[in-house]
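Chain by chain, the residues run as shown.
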Amino acid sequence: QEIIAQEAGDLGAEGEETLKKAMAVNVMTSQRVTQERLEQKTKIDIFENAFRKIKEATGVSDVNEVIQKIISQEGTTENLMLLTKENQAKIEALNDTKGAMKARVEEN
C-alpha cells in the first residue's frame, strides 16, 4: 500500500516536511531578492536624478564629457587661486611702495 501511495504521488510525512522547508526557503529567498531589486532600483533612481542635474548644470549629456568638464574646471579653479594669490602679493607690494612714496613726499 505504501508503494501504491508513492506511485500515486504521495510523498509521505518526511517528504512533505522536506517540501514545506524547501517552499519556505524559496519564499524567503524570493522576498529577499524582491527587496534587493527595490533597493537597487532606488539607487539607480538616485544616480539617474543626480546625472540629470549634472547634465542640466553642465549642458553635457555624455559621461566622459562631464568628467572632462569637471577636470577642466578643477584646473581653472586652481589657476584662478594661483592668480589671486599672485595679485594679492602685487597689491601688498604696491601698497608698501605707495606708503614709502607718501612718506617721502611728506618729508619734503
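Bear in mind the structure is a predicted one, so any value in this text is a computation, not a measurement.

Novice: Help me understand the overall build of the protein chain in this model?
Specialist: Regarding its fold elements, the protein chain presents 3 helices and 0 strands. Relative to its 108 residues, the protein chain shows a buried fraction of 3%. In the form shown here, the protein chain has an accessible surface area of approximately 10000 Å², with 57% of it arising from carbon and sulfur atoms.

Novice: I'm lost on the confidence of the model for the protein chain in this one. Help?
Specialist: Parts of the model with low pLDDT should not have their predicted coordinates read in detail. With 89% of its residues at a pLDDT of 70 or more, the protein chain has an overall mean of 87. Least confident of the elements in the protein chain is helix H1 (residues 2–7), whose mean pLDDT is 60; most confident is helix H3 (residues 63–107), at 92.

Novice: What is the right way to read a nonpolar patch on the surface from this model?
Specialist: Residues Val 63, Ile 67 and Ile 71 make up a contiguous nonpolar surface patch of roughly 260 Å² in combined accessible area. The residue Val 63 is located in helix H3 in this model. Owing to a relative accessible area of 47%, Val 63 belongs among the partly exposed residues under this scheme.

Novice: Is there a simple way to explain the pattern of salt bridges in this structure?
Specialist: Charged atoms that come close allow side chains of opposite charge to pair. Counting across every chain of the model gives 2 salt bridges. Notably, a salt bridge pairs Asp 45 with Lys 41, separated by 3.2 Å at the nearest N-O pair. A residue pair is termed a helical-turn pair when its members lie 3 or 4 positions apart in one helix, as Asp 45 and Lys 41 do in helix H2 (residues 12–58) at 4 residues. We note a salt bridge from Arg 52 to Glu 56, for which the minimum N-O separation is 3.0 Å. Taken together, the residues Arg 52 and Glu 56, both in helix H2 and 4 residues apart, mark about one turn of the helix. Among the residues examined, Arg 52 registers a relative accessible area of 40% and is labelled partly exposed.

Procedures and definitions
Residues numbered from 1 in each chain as written. Predicted model: local features only at pLDDT ≥ 70, side-chain atom pairs only at ≥ 80, totals over all residues. Heavy atoms only, no water. Helix = DSSP H or I, 4+ residues; strand = E, 2+ residues; numbered from the N terminus. Buried < 20%, exposed > 50% of the residue type's maximum accessible area, 1.4 Å probe, protein only. Areas by Shrake-Rupley, 256 points an atom, 1.4 Å probe, with all protein chains shown as cover. pLDDT = per-residue confidence, 0-100. Patch = residues over 30% accessible without salt bridge, like charges linked within 9 Å, V, L, I, M, F, W, Y side chains within 5 Å. Salt bridge = Lys/Arg side-chain N within 4 Å of Asp/Glu carboxyl O.

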